[in-house]
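Breakdown of the fold
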Amino acid sequence: MIATSADRICEAVSRLGSESAFEVLARARALEAKGRKIVHMEIGEPDFETPEHIKEAAIKAIRENHSHYTPSAGIVELRDTIADYASNFRKMPGAFTRENVVVAPGAKPIIWNTLSALLNPGDELIYADPAYPAYASAASYLEAKVTPIPLLESKNFRLDLDELENKVSARTKVLVINTPHNPTGGVLLRSDLQRIADLAHKHDFLVLSDEIYSRNFYESEFLSISELPGMKERTIIVDGFSKAYAMTGWRLGYAILPPELAPVVTLFNNNTFSCVATFVQMAGIAALTGPDEPVRRMNDIFRERRDRLVRGLNRIPEISCTMPEGAFYAFPNVSQITHDDKALAAFMLNEAGVACLGGSAFGSAGRGYLRFSYAASLDDIDLALERIAEHTPNFR
Ligand SMILES: Cc1ncc(COP(=O)(O)O)c(C=O)c1O
């Protein structure tokens, strides 16, 4: 018998995860094509336009013919700018240089390439449950052992550190933390980070700290684990331009990592996407060196939306929602209605016209929760709340 193309797909593909936001977005768009009004609260991207000075910098770069290949780690001007920005933002002036920086088309590919540079089959990667799916997907593909640690709603979705301490072993090579957190909006406290740092020293593992929401932060001052004593050498910071500067479609992100690791991650860049579009990198320089006011303005608007959404959700019977301290997601507990969050999310889309995600799309500990992105206007948030309140009693 002749094999079909499907038979030829390699076995490793079965270990890949995926981001359900893109699937739900496609279903929502299909309903819109039939004339339905859908409130989009599924996809994690700011609904703002990229600030003008960033767009201008890209246009100028194109006009000046910055349209050729660049080094796989990124142009030195951008790497220098990122090193300065990252050192100053994290209150460690001069801590990082271009040797610490590797640029990629988004934070997601740098997560993939960094884990590819680190994980042997059988090495352990520990991560939070629920979590952004890319970490476990890459690690599973690489045949690493993936160990989820639950986040506790009772601790406002911070890690269960006793469980972490129990689970950590000699095989643990990388711990992934993500603060502020997708999908819950949770933020790790200094005491949490210190305990994680102590464990990292004791058990000699690296921390991949996904800080892509470090500018979407509503309470006190952002703290990176890399700022704690001895942790700069053990931390890989993942960051990027998508969320802070409303640049999701530009595809620009980076890692800040110990200089010995940078060439290896760069080798993976070289073997996959070669380099990031030159004019996009130049736009990145404008983002980091230009006025910071647009970032702060977007954040103030997010805070207002967060307050409106969370207050509204808590008024709906059988839904309860903690106050997220960062990112732009609310993660309400809907377990009094159902534990089948995916069915409820599908019902919300099909019946209420509100696109959101089931919490279990982010791991089994997300069962019984929904994720709403509040990167939506106040009018849309009000409309969504009205529709959720009206339709929820009909879900059975
Ligand atoms: C926690 C987290 N890390 C990384 C990314 C990837 O961002 P980028 O657009 O830079 O690839 C996202 C995007 O949703 C995210 O939520």
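Residues numbered from 1 in each chain as written. Predicted model: local features only at pLDDT ≥ 70, side-chain atom pairs only at ≥ 80, totals over all residues.

Remarks on the sheet that holds strand β12 (residues 357-358)
Basically, it comes down to this: Pairing between two strands is assigned when DSSP locates at least 2 bridges connecting them. Strands are runs of DSSP state E lasting at least 2 residues, helices are runs of H or I lasting at least 4, and numbering of each runs from the N terminus.
A sheet is described by the order of its strands in space; here 3 strands give the open sequence β10-β13-β12, paired in antiparallel fashion. At either margin of the open sheet sits one strand with a lone partner, and together these are β10 (329-330) and β12. The pairing of β10 with strand β13 (residues 370-373) spans 2 bridges and is classified as antiparallel. Note on β13: the bridge partner recorded for Ala 330 is Phe 372.

Brief notes about the sheet that holds strand β9 (residues 253-256)
The cut-off we apply is this: What counts as a contact is two residues whose backbone-derived C-beta atoms lie within 7 Å of each other. Here the axes come from fitting lines to C-alpha atoms, over the contacting stretch only for helices, and the angles between their N-to-C directions go from 0 to 180 degrees.
The mixed open sheet is built from 8 strands, whose spatial order is β2-β9-β8-β7-β6-β3-β4-β5. Taken across any chain shown, the strands that pair with only one partner, and hence form the sheet edges, are β2 (101-104) and β5 (158-159). Each of β3 (124-129), β4 (145-152) and β6 (172-178) touches helix α5 (residues 134-141); the most contacted strand, β3, lies at about 155 degrees to it. Relative to β2, helix α8 (residues 262-271) is tilted by about 15 degrees, and along the sheet it contacts β2 and β9.

Side note on the domain arrangement of the protein
Put simply, the rule reads: An automatic or database domain assignment is the source of the domain bounds shown. Three residue categories are used. Nonpolar comprises Ala, Val, Leu, Ile, Met, Phe, Trp, Tyr, Cys and Pro, charged comprises Asp, Glu, Lys and Arg, and polar comprises the others, including Gly.
Once the domains are mapped, the protein shows domain 1 (6-49 + 294-391) and domain 2 (67-289). Taken over C-alpha atoms, the centre of domain 1 sits 24 Å from the centre of domain 2. On the domain 2 side, the residues contacting the 34 residues of domain 1 number 34 residues. Secondary structure elements with two or more residues in the side of domain 1 that touches domain 2: α10 (293-315) and β10. A per-element tally of the side of domain 1 that touches domain 2 places α10 first, with 6 residues. Its residues assigned to classes, the side of domain 1 that touches domain 2 shows 15 nonpolar, 11 polar and 8 charged.

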